[in-house]
Amino acid sequence: MQPLIDNARTFGQRPEEFAKLAEGQSPQVLFITCSDSRVVPALITGARPGQLFELRTAGNIVPPYASQHPTGEAATIEYAVEVLGVRDIVVCGHSHCGAVGALVRGDDLTAVPAVRDWLAHATPRPAGAAEDPEVAEGVRSHVLAQLLRLRSYPCIERKLAQGQLDLHAWYYEVHTGAVRAHRPQSDSFEAL
């Protein structure tokens, strides 16, 4: 913890670098990814403060849209699209994902009921080989399922129909740093 504290102390000693950020934000991209500490959106994309609007959830899950019981995730997505006017949304899964791995293997999660109930939102269960530590196939199918789920959100559906929004599925390899994007034409994940 001490190195983090030390950096936080010196970080605020450069106010001139951050003064413009007080005027507001206008990110062009909503980046939805896993809460995993090995996945750092700004590091992966090279984004500076104000360029990415981030939504991080266990397993980069986009829960079903329910206007009568809104979630923090739905509110974040709606705010990004309707208020900030993002033009692109990236759903980025990653190799070695514990959440997707648990789903692929069918792990018993009774000891962590909140995790179990959250992961229930990931239906359909991702495909993939249970013995694959990267869970590559499972993560890729899961990312596409979350992208499909996004399309059911009213604000997303409307912006897509108006041609004002693009959706992207990415797969990040923790062990190599490589990023692959889904190409609908070939239905495959290819290097950016």
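Look up: the structure comes first, before these words.
Below is a summary of the structure that appears in this document. (Residues numbered from 1 in each chain as written. Predicted model: local features only at pLDDT ≥ 70, side-chain atom pairs only at ≥ 80, totals over all residues. Heavy atoms only, no water.)

## Some thoughts on unusual backbone geometry
Then step 1. Its identity as a non-glycine residue notwithstanding, Val135 has a phi of 45°, on the positive side.
Then step 2. Given a relative accessible area of 3%, Val135 falls into the buried group.
Then step 3. The phi torsion at Asp187 lies on the positive side, around 50°, for a residue other than glycine.
Then step 4. Following the sequence through the fold, Asp187 ends up in the loop between strand E5 (179–183) and strand E6 (188–191). (Buried < 20%, exposed > 50% of the residue type's maximum accessible area, 1.4 Å probe, protein only. Helix = DSSP H or I, 4+ residues; strand = E, 2+ residues; numbered from the N terminus.)

## A closer look at the packing of aromatic side chains
Then step 1. Tallying each qualifying case throughout the model produces three aromatic pairs.
Then step 2. Arranged with centres 6.0 Å apart and planes meeting at 35°, the rings of Phe53 and Tyr79 form a pair that is tilted. Here Tyr79 lies in helix H4 (residues 72–83) and Phe53 lies in strand E2 (residues 52–57), a separation of 26 residues in the sequence.
Then step 3. Its relative accessible area of 37% is what places Tyr79 among the partly exposed residues. (Phe/Tyr/Trp six-rings, centres within 6.5 Å; stacked < 30°, edge-to-face > 60°.)

## Observations concerning the pairing of E6
Then step 1. One ladder, built from four bridges, connects E5 with E6; its direction is antiparallel. What sits directly across from Arg180, in E6, is Ala191.
Then step 2. Here E5 folds back onto E6 in antiparallel fashion, the turn holding four residues, of which Asp187 has a positive phi close to 50°. (Pairing = 2+ DSSP bridges.)

## Quick word on the side chain of Glu173
Then step 1. Within the secondary structure, Glu173 is located in the loop between strand E4 (166–172) and E5.
Then step 2. Here the side chain of Glu173 touches Arg180 through a polar contact of 3.4 Å, side chain to side chain.
Then step 3. Setting aside chain neighbours within four positions, we find Glu173 in contact with Ser95, Arg140, Ala178 and Arg180. (Polar contact = N/O pair within 3.5 Å; in protein donor to acceptor, adjacent residues only side chain to side chain. Contact = heavy atoms within 4.5 Å.)

## Brief notes about the nonpolar core
Then step 1. In terms of nonpolar packing, the biggest core is built from 39 residues, with Leu30, Ile32, Ile77, Ile89, Leu150 and Ile156 touching the most fellow members.
Then step 2. Those residues in contact with Ile156, other than ones at most four positions away along the chain, are Ile77, Val81, Ile89, Leu150, Arg151, Leu165 and Leu167.
Then step 3. Core analysis: the second largest hydrophobic core is formed by 11 residues, Val29, Phe31, Trp170 and Val179 among them. (Core = buried A, V, L, I, M, F, W, Y, C linked by side-chain atoms within 4.5 Å.)

## With respect to the sheet that holds E5
Then step 1. Ordered by their spatial adjacency, six strands build an open sheet running E2-E1-E3-E4-E5-E6, and the pairing between neighbours is mixed. Whereas interior strands pair on both sides, the edge strands pair on one side only; in this sheet they are E2 and E6. For this sheet the average axis-to-axis angle between neighbouring strands, irrespective of direction, equals 30°.
Then step 2. The sheet contact formed by strand E1 (residues 29–34) and E2 spans six bridges and is parallel. If you follow Val29 over to E2, its bridge partner there is Leu52.
Then step 3. Its contacts with the sheet place H4 against E1, E2 and strand E3 (88–94), and it is angled at close to 165° to E2. (Axes fitted to C-alpha atoms, helices over the stretch in contact; angles between N-to-C directions.)

## Looking at the state of the cysteines
Each disulfide consists of one covalent bond between the sulfur atoms belonging to two cysteines.
Then step 1. Inspection of the entire model under this criterion finds zero disulfides.
Then step 2. For Cys92, which is in no disulfide, the shortest distance to another cysteine sulfur is to Cys34 and amounts to 9.6 Å.
Then step 3. Between Cys97, a free cysteine, and Cys34, which holds the nearest cysteine sulfur, the sulfur-to-sulfur gap is 4.2 Å. (Disulfide = S-S within 2.5 Å.)

## Examining the pattern of salt bridges
A side chain of one charge can pair with a side chain of the opposite charge when the charged atoms of the two come close.
Then step 1. A full pass over the atoms with the stated rule returns seven salt bridges.
Then step 2. Here Asp107 and Arg105 are joined by a salt bridge, their closest N and O atoms 3.0 Å apart.
Then step 3. Of the residues examined, Asp107 reaches a relative accessible area of 33% and is grouped as partly exposed. (Salt bridge = Lys/Arg side-chain N within 4 Å of Asp/Glu carboxyl O.)

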